[in-house]
Amino acid sequence: MTSLNILDRADGIVAALLTPYRPDGTVAVDVLQQHTSQLVEAGIDGLYVCGSTGDGVALDEESRVLCTRAVVAAVDGEVPVIAHVGTNSTELTLQLADRSVAAGADAISSILPSIPLTETEVRAYFLDLIRDAPAPLIAYNFPARSGVRLSQELLAELVEQPNLHGLKNTSGDVFEMSAFTRLRDGNFRVWNGHDEVIYAGLSVGACGAIGSTFNAFPTLYLDLLRHYRDGDHDAAMAVQRQVEDLVRVLAAYGVMPALRAILDSRGLDMGASRRPLLDLDDATRRRLLEDIAALDLTA
């Protein structure tokens with residue numbers, strides 16, 4: 001069982017890793033490990049493998065386990081590794097959880113299946129994972145992606161289970177997030193999941209954030225969190241404004257292909273996006289890089 005001491009380190013800025021590919025579509029393990037090492041050097045507090053950003057549900061089981069094993073080897077115990085194991089099947093999710101933990105993951109996480117579920121079925125899905133998974137579970141609430149929302153009432157029931165370590169909340173509803181953070185007498189861990197509202201998430205009790213744009217701009221978010229924890233809210237808010245400007249630019253081009261293009265420009269051969277995602281053409285990529293440079297951000 002994972003030591004909670006290492007997992008406590010994830011109370012901070014956790015990068016939801018992009019997955020790099022070779023021309024044949026297989027995972028570029030060497031690039032993934034290089035990128036992982038660079039993020040650890042930058043001071044990242046944890047890594048989230050094969051989530052929405054990392055194409056988890058678009059990869060087969062072998063590729064997902066390979067990603068987890070590669071990241072675990074690259075971090076060498078420096079920061080916690082959280083493996084996203086969600087699938088549309090409880091059985092397959094638990095099977096992937098077992099293999100991911102055997103590969104070295106410190107915790108697992110799962111989005112809800114992207115099929116219509118009743119509240120009773122949502123409860124059963126998460127209870128099966130919480131009770132049967134071999135490591136702490138971080139539930140993943142992303143209703144815009146899964147089509148299913150984790151209700152406050154149900155989460156209040158689930159937090160009674162000790163193996164539920166926390167929640168990655170990607171709903172954009174800060175009022176809801178505030179209610180989540182008040183569970184367990186205010187000690188329930190909630191990670192902000194929409195990068196552009198990180199300051200708001202922290203202000204209502206989020207323990208940190210798990211995000212995609214941290215891949216390319218980790219220092220920006222580490223600085224924001226440091227200012228926030230130091231009580232320098234003017235400085236934190238100034239960085240928050242930079243985050244908003246950054247996300248606005250990325251969203252105009254498509255966040256995932258834009259991040260891939262930015263990392264490519266820094267010497268990381270990320271390879272082509274996983275279809276059906278499409279990459280930026282050369283002219284669009286140049287415009288993106290010009291727009292990012294104009295923001296004058298700290299990477």
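Let us look at the structure shown here. (Residues numbered from 1 in each chain as written. Predicted model: local features only at pLDDT ≥ 70, side-chain atom pairs only at ≥ 80, totals over all residues. Heavy atoms only, no water.)

### A look at the overall build of the protein
Reasoning step 1: Along the backbone of the protein there are 14 helices and eight strands.
Reasoning step 2: Overall size of the protein, expressed as C-alpha extent along the three principal axes, is 50 × 45 × 35 Å.
Reasoning step 3: Buried positions account for 54% of the 299 residues belonging to the protein.
Reasoning step 4: Counting 24 positive and 41 negative side-chain charges, the protein places the centres of these two groups 2 Å from one another. (Helix = DSSP H or I, 4+ residues; strand = E, 2+ residues; numbered from the N terminus. Buried < 20%, exposed > 50% of the residue type's maximum accessible area, 1.4 Å probe, protein only. Lys, Arg positive; Asp, Glu negative; His and termini not counted. Charge placed at Lys NZ, Arg CZ, Asp CG, Glu CD.)

### Some words on the sheet that holds strand S7 (residues 189-192)
Reasoning step 1: Around the barrel, which closes on itself, the eight strands sit in the order S1-S2-S3-S4-S5-S6-S7-S8 with parallel pairing between neighbours. Taking the axes of each pair of neighbouring strands and ignoring which way they run, one obtains an average angle of 25 degrees across the sheet.
Reasoning step 2: Across five bridges, the pairing between strand S5 (residues 137-141) and strand S6 (residues 164-169) is parallel. By the bridge assignment for S6, Leu137 is matched with Leu164. (Pairing = 2+ DSSP bridges. Axes fitted to C-alpha atoms, helices over the stretch in contact; angles between N-to-C directions.)

### A short note on the pairing of strand S2 (residues 46-49)
Reasoning step 1: In S2, alternate side chains face the same way, and those of Gly46 and Tyr48 on one face and Leu47 and Val49 on the other are all buried.
Reasoning step 2: Where strand S1 (residues 13-16) lies against S2, three bridges are found, and the strand directions are parallel. Counterpart to Ala16 in the pairing with S2 is Tyr48.
Reasoning step 3: Each parallel crossover has a hand, and for S1 linked through helix H2 (residues 29-42) to S2 it is right-handed.
Reasoning step 4: Alignment of S2 against strand S3 (residues 81-84), held across three bridges, turns out to be parallel. For Leu47, the partnering residue across the bridge sits in S3 and is Val81.
Reasoning step 5: With helix H3 (residues 61-75) bridging S2 and its parallel neighbour S3, the resulting β-α-β unit is right-handed. (Right-handed = clockwise from strand over helix to strand, strands pointing away.)

### Focus on the environment of Pro134
Reasoning step 1: When you line up the elements, Pro134 lands in the loop between helix H5 (119-132) and S5.
Reasoning step 2: Pro134 gets classed as partly exposed once you look at its relative accessible area, which sits at 26%.
Reasoning step 3: Taking the C-alpha atoms as reference points, Pro134 and Pro20, 114 residues apart in sequence, are found 28 Å from one another.

### Observations concerning the side chain of Ser171
Reasoning step 1: Position of Ser171 relative to the elements: it lies in the loop between S6 and helix H8 (174-181).
Reasoning step 2: A polar contact of 2.9 Å, which involves the side chain of Ser171, links it to the side chain of Glu176.
Reasoning step 3: In this view, Ser171 contacts Asn141, Pro143, Arg149, Glu176 and His194; residues no more than four positions away in its chain are not counted. (Polar contact = N/O pair within 3.5 Å; in protein donor to acceptor, adjacent residues only side chain to side chain. Contact = heavy atoms within 4.5 Å.)

### Describing the packing of aromatic side chains
Geometry of an aromatic ring pair is reported as the spacing of the ring centres plus the angle between the planes.
Reasoning step 1: Inspection of the entire model under this criterion finds five aromatic pairs.
Reasoning step 2: Between Phe214 and Tyr221, the ring centres sit 4.3 Å apart and the planes meet at 50 degrees, which makes this aromatic pair tilted.
Reasoning step 3: Each residue in the set Tyr48, Tyr140 and Phe142 is aromatic and connected to the rest through ring pairs, giving one cluster.
Reasoning step 4: Across the ring face of Tyr48, the terminal group of Lys168 is positioned such that the distance to the ring centre comes to 5.7 Å.
Reasoning step 5: Of note, Arg266 hangs over the ring of Phe217, and the distance from its end group to the ring centre comes to 5.1 Å. (Phe/Tyr/Trp six-rings, centres within 6.5 Å; stacked < 30°, edge-to-face > 60°. Lys NZ or Arg CZ within 6 Å of the ring centre and 35° of its normal.)

### What to know about the nonpolar core
Reasoning step 1: With 50 residues, the main nonpolar core has Ile13, Leu47, Phe217, Tyr221 and Leu288 as its most contacted residues.
Reasoning step 2: Looking at this core, the element that brings in the most residues is helix H12 (residues 233-253), giving seven residues.
Reasoning step 3: Excluding residues within four positions of it along the chain, Leu288 makes contact with Val249, Leu250, Tyr253, Ala258, Ala261, Ile262 and Leu280.
Reasoning step 4: The next biggest cluster of nonpolar side chains, apart from the first, holds 33 residues, and it includes Ala105, Leu129, Met177 and Val190. (Core = buried A, V, L, I, M, F, W, Y, C linked by side-chain atoms within 4.5 Å.)

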